[in-house]
Amino acid sequence: METSRERILKAINHIQPETTPINLEGIYDPSVWYQHFDTKDKIVLRDKLDLDIQSARPVYVGPRLQEGLSIWGAPLEDIYGAAGVGYGSDRKYPLAHASTVTDIENFPWPDPDDFDYEVVPEVLKTIPNDRAKRLDGKYGLETEGYSHEELTQSGPWVPLVCTLFDMFGLEETLLKLLLEPEIIDAAVRNIEGFMLEFYRRLLEAAGDEADIVYFGDDFATQTGMMMAPGQWRRFFLPTYKKLFDLIRSHDKVVWMHSCGSFHPVMGDLIDAGLQVWETVQIQATGNEPERIKKEYGSHITFYGAISTQNTLPYGTEEDVRKEVRERISVLGRSGGYICGADHGIMPDVPLKNVLAMFDEARKYGQD
């Protein structure tokens with residue numbers, strides 16, 4: 001019988017696994033889950049869910065951050081949820097008033113020295129080798145009452161475009177792409193320098209303890225890209241290519257989260273080294289399962305595709321099971337699919353629907 005690691009690697013290598021692999025990303029309010037499974041340990045919770053992937057991330061140990069701020073000096077908690085302000089005017093943007101390259105260079109950029117990378121292999125070694133293991137390009141934040149080992153299971157990500165949005169504001173970033181490209185170039189240069197060293201140290205610390213590396217960034221809506229494809233290639237693709245080359249030089253799989261519809265540049269990402277695409281929002285323009293399987297299915301593996309906007313929060317258990325069967329029958333042909341929700345699980349998603357998703361994925365095979 002296949003192990004979790006074997007079925008994940010088969011799917012990534014476009015070999016038909018015996019059963020479709022399953023995974024789950026963030027649970028935004030895990031209290032009901034902890035109660036149901038009688039645990040508050042996230043690794044134990046994932047094990048009880050029988051997920052095929054376990055992961056870990058470094059922990060920030062540098063100078064104390066201002067309460068509620070990230071390593072970039074941007075707010076952490078006011079984008080998501082019913083009370084979130086998104087990228088609105090009420091939010092703090094550390095580089096909102098930067099007007100020269102000197103302003104960018106003088107900003108106190110985060111230091112890759114300020115992280116505990118060694119805790120990552122320590123945690124991964126406690127996970128059985130029959131599970132697939134992933135290094136996450138995210139970081140835990142020191143929190144009173146929690147060990148570094150516990151903190152490897154949650155915390156912010158390290159994106160490129162979304163870091164610009166956090167630091168300048170979404171609209172201001174898009175304007176600067178057109179009107180002040182030298183400002184964006186300077187910011188990207190500094191973010192890239194941090195990212196590449198952060199990932200290099202993570203990869204070297206982890207050694208052979210994982211097969212997959214997660215990176216995430218968002219630059220599209222559900223109807224198309226936020227900027228012209230030419231701008232994206234000019235400002236951001238070179239950084240992605242350097243990062244993917246670094247990951248693959250360590251013989252790791254490149255797993256990238258990116259929301260929405262960005263077909264004009266999907267080929268660029270594949271050429272740059274993308275191997276697993278998360279989150280595959282089927283409701284986004286042009287993301288129809290048959291289309292993306294035909295166009296990209298021989299090049300990348302799809303993760304997600306079960307709707308957290310419609311089916312999981314509002315559907316019945318049978319609605320969920322039907323959607324799982326449909327996704328596996330198309331995206332899972334000849335491997336190349338990992339079943340899961342297309343986003344994190346919000347508090348309005350019934351636990352029973354998520355469990356039905358996993359149960360159906362385990363039961364349903366391909367002819």
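Report follows, based on the coordinates.

About the cut-offs
- Residues numbered from 1 in each chain as written.
- Predicted model: local features only at pLDDT ≥ 70, side-chain atom pairs only at ≥ 80, totals over all residues.
- Heavy atoms only, no water.
- Axes fitted to C-alpha atoms, helices over the stretch in contact; angles between N-to-C directions.
- Helix = DSSP H or I, 4+ residues; strand = E, 2+ residues; numbered from the N terminus.
- Contact = heavy atoms within 4.5 Å.
- Nonpolar A, V, L, I, M, F, W, Y, C, P; charged D, E, K, R; others polar.
- Buried < 20%, exposed > 50% of the residue type's maximum accessible area, 1.4 Å probe, protein only.
- Pairing = 2+ DSSP bridges.
- Right-handed = clockwise from strand over helix to strand, strands pointing away.
- Polar contact = N/O pair within 3.5 Å; in protein donor to acceptor, adjacent residues only side chain to side chain.

Looking now at the packing of helix α8 (residues 170-179) against helix α9 (residues 181-206). Remark: α8 packs on α9, axes separated minimally by 6 Å, with the N-to-C direction vectors making an angle of 115°. Contacts from T173, K176, L177, L178 and L179 in α8 reach P181, I183 and I184 in α9. Of the residues in the contact of α8 with α9, the class split is 6 nonpolar, 1 polar and 1 charged.

Burial of strand β9 (residues 301-306) is extensive: 6 of the 6 residues sit out of reach of the surface. Where strand β8 (residues 276-279) lies against β9, 4 bridges are found, and the strand directions are parallel. Across the sheet, the residue bridging to E278 is Y303, located in β9. For the crossover that starts at β8, traverses helix α13 (residues 289-296) and ends in the parallel β9, the hand is right-handed. Two strands pair when backbone bridges link them, and β9 and strand β10 (residues 337-341) are joined in this way by 5 bridges, in the parallel orientation. In the sheet register, I306 faces β10, and the bridge partner there is A341.

So, about the sheet that holds strand β4 (residues 132-136). Ordered by their spatial adjacency, 7 strands build an open sheet running β1-β4-β6-β7-β8-β9-β10, and the pairing between neighbours is parallel. Either end of the sheet is taken by a strand with one partner, and the two such strands are β1 (53-56) and β10. Each adjacent strand pair in this sheet contributes to an overall mean axis angle of 25°, direction not counted. Where α9 meets the sheet, its contacts fall on β4 and β6 (212-216), and the angle it forms with β6 comes to roughly 160°.

This brings us to unusual backbone geometry. Unlike most non-glycine residues, D50 shows phi in positive territory, near 60°. For V280, which is not a glycine, the phi torsion comes out positive at approximately 55°. Mapping V280 onto the fold places it in the loop between β8 and α13. Judged by its relative accessible area of 0%, V280 falls in the buried class.

Right, let's get into the sheet that holds strand β5 (residues 140-141). Strand order in this open sheet of 3 strands is β3-β2-β5, and the pairing throughout is mixed. Two strands close off the open sheet at either side, each with one partner strand: β3 (115-116) and β5. When strand β2 (residues 59-60) meets β3, the two strands line up antiparallel, connected through 2 bridges. Following the sheet pairing, V59 is matched in β3 by D116.

Moving on to the environment of S55. Looking at the element boundaries, S55 is found in strand β1. The spacing of S55 and Y214 is 159 residues in sequence and 9.3 Å in space, taken between C-alpha atoms. The residues contacting S55, other than those within four sequence positions of it, are L124, R134, D136, T152 and Q153. There is a polar contact of 3.0 Å between the side chain of S55 and the side chain of D136.

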